[in-house]
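# Working through the structure, step by step
Below, each chain spelled out in residue letters.
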Amino acid sequence: MAAYDKADLERRMAGAVESLKGDLAGLRTGRASTSLLDPVTVEVYGAHMPLVQVATVSVPEPRMLSVQVWDKSNVGPVEKAIRSAGLGLNPINDGNTLRLPIPDLTEERRKELAKLAGQYAEKARIAVRNVRRDGMDALKTDEKKGVYSEDERKKLETEVQKLTDATIADLDAAAAAKEKEILGK
(Lines give C-alpha, C1' and ligand atoms only; values in the text may rest on other atoms or scores of the structure.)
Protein backbone atom coordinates (compact mmCIF):
# COMPACT_ATOMS: atom_id res chain seq x y z
CA MET A 1 0.00 0.00 0.00
CA ALA A 2 1.44 3.37 -1.03
CA ALA A 3 1.73 6.03 1.68
CA TYR A 4 1.71 8.81 -0.94
CA ASP A 5 -1.82 10.09 -1.60
CA LYS A 6 -2.08 13.00 -4.04
CA ALA A 7 -5.79 13.60 -3.31
CA ASP A 8 -5.03 13.89 0.42
CA LEU A 9 -2.24 16.42 -0.24
CA GLU A 10 -4.55 18.46 -2.50
CA ARG A 11 -7.31 18.39 0.13
CA ARG A 12 -4.94 19.50 2.90
CA MET A 13 -3.45 22.32 0.78
CA ALA A 14 -6.94 23.51 -0.23
CA GLY A 15 -7.81 23.46 3.48
CA ALA A 16 -4.92 25.85 4.17
CA VAL A 17 -6.24 28.23 1.48
CA GLU A 18 -9.79 28.09 2.92
CA SER A 19 -8.46 28.64 6.43
CA LEU A 20 -6.52 31.71 5.27
CA LYS A 21 -9.61 33.10 3.50
CA GLY A 22 -11.59 32.62 6.71
CA ASP A 23 -8.92 34.38 8.77
CA LEU A 24 -8.75 37.26 6.29
CA ALA A 25 -12.55 37.63 6.20
CA GLY A 26 -12.46 38.30 9.94
CA LEU A 27 -10.11 41.27 9.51
CA ARG A 28 -11.97 44.54 9.64
CA THR A 29 -11.41 46.83 6.71
CA GLY A 30 -13.29 50.08 6.35
CA ARG A 31 -16.31 48.26 4.92
CA ALA A 32 -19.15 46.45 6.65
CA SER A 33 -19.13 42.67 6.29
CA THR A 34 -21.30 40.14 8.08
CA SER A 35 -18.21 37.96 8.69
CA LEU A 36 -16.96 40.70 11.07
CA LEU A 37 -19.32 39.36 13.72
CA ASP A 38 -18.48 35.65 13.20
CA PRO A 39 -16.23 35.47 16.28
CA VAL A 40 -18.90 37.00 18.57
CA THR A 41 -20.53 34.61 21.05
CA VAL A 42 -23.52 35.62 23.15
CA GLU A 43 -24.45 34.27 26.56
CA VAL A 44 -28.16 33.45 26.31
CA TYR A 45 -30.36 30.72 27.78
CA GLY A 46 -27.48 29.77 30.09
CA ALA A 47 -25.11 28.91 27.23
CA HIS A 48 -22.59 30.64 24.95
CA MET A 49 -23.96 30.69 21.40
CA PRO A 50 -22.60 32.14 18.15
CA LEU A 51 -24.30 35.43 17.31
CA VAL A 52 -25.72 33.96 14.08
CA GLN A 53 -27.79 31.50 16.17
CA VAL A 54 -29.68 34.29 17.99
CA ALA A 55 -29.88 37.05 15.37
CA THR A 56 -29.78 37.88 11.68
CA VAL A 57 -26.82 40.00 10.56
CA SER A 58 -27.18 42.12 7.41
CA VAL A 59 -25.42 44.98 5.63
CA PRO A 60 -27.99 47.70 4.84
CA GLU A 61 -25.27 50.23 3.88
CA PRO A 62 -21.55 49.93 3.02
CA ARG A 63 -20.52 51.31 6.44
CA MET A 64 -23.31 49.86 8.60
CA LEU A 65 -24.19 46.44 9.99
CA SER A 66 -27.65 45.59 11.22
CA VAL A 67 -28.24 42.86 13.81
CA GLN A 68 -31.89 41.76 14.02
CA VAL A 69 -32.25 39.87 17.33
CA TRP A 70 -34.99 37.22 17.15
CA ASP A 71 -35.91 37.18 20.86
CA LYS A 72 -36.39 40.66 22.31
CA SER A 73 -35.09 39.49 25.72
CA ASN A 74 -31.68 38.78 24.12
CA VAL A 75 -31.07 42.30 22.77
CA GLY A 76 -29.13 43.33 25.93
CA PRO A 77 -26.81 40.27 25.99
CA VAL A 78 -26.19 40.59 22.21
CA GLU A 79 -25.31 44.29 22.58
CA LYS A 80 -22.98 43.49 25.51
CA ALA A 81 -21.30 40.65 23.56
CA ILE A 82 -20.64 42.92 20.54
CA ARG A 83 -19.22 45.70 22.74
CA SER A 84 -16.93 43.30 24.62
CA ALA A 85 -15.74 41.42 21.50
CA GLY A 86 -12.89 43.90 20.98
CA LEU A 87 -13.99 44.83 17.46
CA GLY A 88 -14.21 48.56 18.19
CA LEU A 89 -17.91 48.64 17.35
CA ASN A 90 -20.55 50.56 19.31
CA PRO A 91 -24.07 49.19 18.76
CA ILE A 92 -27.00 51.61 18.57
CA ASN A 93 -30.05 49.93 20.12
CA ASP A 94 -33.36 50.38 18.22
CA GLY A 95 -35.45 47.98 20.31
CA ASN A 96 -35.22 44.68 18.40
CA THR A 97 -32.45 45.80 16.06
CA LEU A 98 -28.87 46.85 16.76
CA ARG A 99 -27.23 49.14 14.24
CA LEU A 100 -23.43 49.05 14.08
CA PRO A 101 -21.76 51.96 12.28
CA ILE A 102 -18.32 50.93 11.02
CA PRO A 103 -15.82 53.63 12.06
CA ASP A 104 -13.03 54.83 9.80
CA LEU A 105 -9.73 53.05 10.29
CA THR A 106 -6.71 55.12 11.26
CA GLU A 107 -3.63 54.80 9.05
CA GLU A 108 -1.78 53.12 11.93
CA ARG A 109 -4.58 50.57 12.40
CA ARG A 110 -4.63 49.88 8.65
CA LYS A 111 -0.91 49.11 8.74
CA GLU A 112 -1.40 46.80 11.75
CA LEU A 113 -4.19 44.95 9.95
CA ALA A 114 -2.12 44.64 6.76
CA LYS A 115 0.73 43.22 8.84
CA LEU A 116 -1.68 40.77 10.48
CA ALA A 117 -2.93 39.68 7.04
CA GLY A 118 0.70 39.00 6.12
CA GLN A 119 1.17 36.93 9.29
CA TYR A 120 -1.94 34.88 8.49
CA ALA A 121 -0.61 34.28 4.98
CA GLU A 122 2.78 33.16 6.32
CA LYS A 123 1.07 30.75 8.74
CA ALA A 124 -0.85 29.27 5.79
CA ARG A 125 2.33 29.04 3.66
CA ILE A 126 4.03 27.12 6.49
CA ALA A 127 1.05 24.74 6.66
CA VAL A 128 1.30 24.14 2.89
CA ARG A 129 5.06 23.53 3.11
CA ASN A 130 4.44 21.02 5.91
CA VAL A 131 1.96 19.18 3.68
CA ARG A 132 4.57 19.20 0.88
CA ARG A 133 7.17 17.79 3.27
CA ASP A 134 4.77 15.00 4.31
CA GLY A 135 4.18 14.17 0.64
CA MET A 136 7.91 14.10 -0.16
CA ASP A 137 8.62 11.91 2.90
CA ALA A 138 5.84 9.50 1.85
CA LEU A 139 7.33 9.27 -1.64
CA LYS A 140 10.81 8.47 -0.27
CA THR A 141 9.32 5.83 2.04
CA ASP A 142 7.38 4.31 -0.86
CA GLU A 143 10.53 4.25 -3.00
CA LYS A 144 12.38 2.36 -0.22
CA LYS A 145 9.48 -0.11 -0.04
CA GLY A 146 9.73 -0.63 -3.79
CA VAL A 147 6.33 0.93 -4.60
CA TYR A 148 7.95 3.50 -6.94
CA SER A 149 11.19 3.54 -8.90
CA GLU A 150 13.58 6.49 -8.46
CA ASP A 151 12.35 8.02 -11.73
CA GLU A 152 8.69 7.68 -10.70
CA ARG A 153 9.47 9.24 -7.31
CA LYS A 154 11.21 12.21 -8.96
CA LYS A 155 8.29 12.69 -11.35
CA LEU A 156 5.80 12.61 -8.45
CA GLU A 157 7.98 14.97 -6.39
CA THR A 158 7.84 17.45 -9.30
CA GLU A 159 4.03 17.08 -9.25
CA VAL A 160 3.94 17.75 -5.49
CA GLN A 161 6.17 20.81 -5.97
CA LYS A 162 3.91 22.17 -8.73
CA LEU A 163 0.86 21.68 -6.50
CA THR A 164 2.69 23.47 -3.67
CA ASP A 165 3.72 26.38 -5.92
CA ALA A 166 0.15 26.79 -7.23
CA THR A 167 -1.31 26.70 -3.71
CA ILE A 168 1.19 29.24 -2.40
CA ALA A 169 0.38 31.50 -5.38
CA ASP A 170 -3.32 31.28 -4.35
CA LEU A 171 -2.41 32.19 -0.76
CA ASP A 172 -0.29 35.13 -1.88
CA ALA A 173 -3.05 36.42 -4.17
CA ALA A 174 -5.66 36.24 -1.38
CA ALA A 175 -3.33 38.01 1.07
CA ALA A 176 -2.35 40.70 -1.46
CA ALA A 177 -6.01 41.40 -2.28
CA LYS A 178 -6.85 41.74 1.42
CA GLU A 179 -3.85 44.01 2.10
CA LYS A 180 -4.89 46.19 -0.86
CA GLU A 181 -8.45 46.34 0.51
CA ILE A 182 -7.20 47.21 4.03
CA LEU A 183 -4.81 49.91 2.87
CA GLY A 184 -7.46 51.28 0.54
CA LYS A 185 -5.22 51.36 -2.52
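Under an unreviewed UniProt entry, the name given to the chain is Ribosome-recycling factor, and the organism recorded is Sphingomonas yantingensis. Note on the chain: under the UniProt heading Subcellular location (unreviewed entry), the record states "Cytoplasm". UniProt, in its Sequence similarities (unreviewed entry) section for the chain, records the words "Belongs to the RRF family."

So, on to the environment of Thr97. If you trace the backbone, Thr97 turns up in strand E6 (residues 97–101). The class of Thr97 is buried, set by a relative accessible area of 16%. Distance in space between the C-alpha atoms of Thr97 and Ser149 is 66 Å, their sequence separation being 52 residues. Of note is the side chain of Thr97, whose polar atom sits 2.9 Å from the side chain of Gln68.

If you look at the biggest cluster of nonpolar residues, it comprises 28 residues, and the most contacted ones within it are Tyr4, Leu20 and Leu171. Among the secondary structure elements, those contributing two or more residues to this core are helix H1 (6–25), helix H3 (107–145) and helix H4 (150–183). The biggest single contributor to this core is H3, with ten residues. For Tyr4, the contacting residues outside a window of four places in its chain are Leu9, Gly135, Ala138, Leu139, Asp142, Tyr148, Leu156, Glu159 and Val160. By size, the runner-up hydrophobic cluster in this structure holds 22 residues, among which are Leu51, Val67, Ala81 and Ile82.

On to the domain arrangement of the chain. For the chain, the assigned domains read domain 1 (4–25 + 105–181) and domain 2 (32–99). The straight-line distance from the C-alpha centre of domain 1 to that of domain 2 is 34 Å.

A separate point is the pairing of strand E1 (residues 41–44). With burial as the criterion, only one face of E1 is covered, namely that bearing Val42 and Val44; the residues Thr41 and Glu43 on the opposite face remain uncovered. By the bridge criterion, four bridges tie E1 to strand E2 (residues 47–50) in an arrangement that is antiparallel. Looking at E2, one finds that Val44 is bridged to Ala47. The antiparallel pairing of E1 with E2 creates a hairpin that spans two residues between the two strands, and Tyr45 there sits at a positive phi of about 50 degrees.

Thresholds, definitions, all that
- Residues numbered from 1 in each chain as written.
- Predicted model: local features only at pLDDT ≥ 70, side-chain atom pairs only at ≥ 80, totals over all residues.
- Heavy atoms only, no water.
- UniProt positions renumbered as here; feature names shortened; annotations may be inferred.
- Helix = DSSP H or I, 4+ residues; strand = E, 2+ residues; numbered from the N terminus.
- Buried < 20%, exposed > 50% of the residue type's maximum accessible area, 1.4 Å probe, protein only.
- Polar contact = N/O pair within 3.5 Å; in protein donor to acceptor, adjacent residues only side chain to side chain.
- Core = buried A, V, L, I, M, F, W, Y, C linked by side-chain atoms within 4.5 Å.
- Contact = heavy atoms within 4.5 Å.
- Domains from an automatic or database assignment.
- Pairing = 2+ DSSP bridges.

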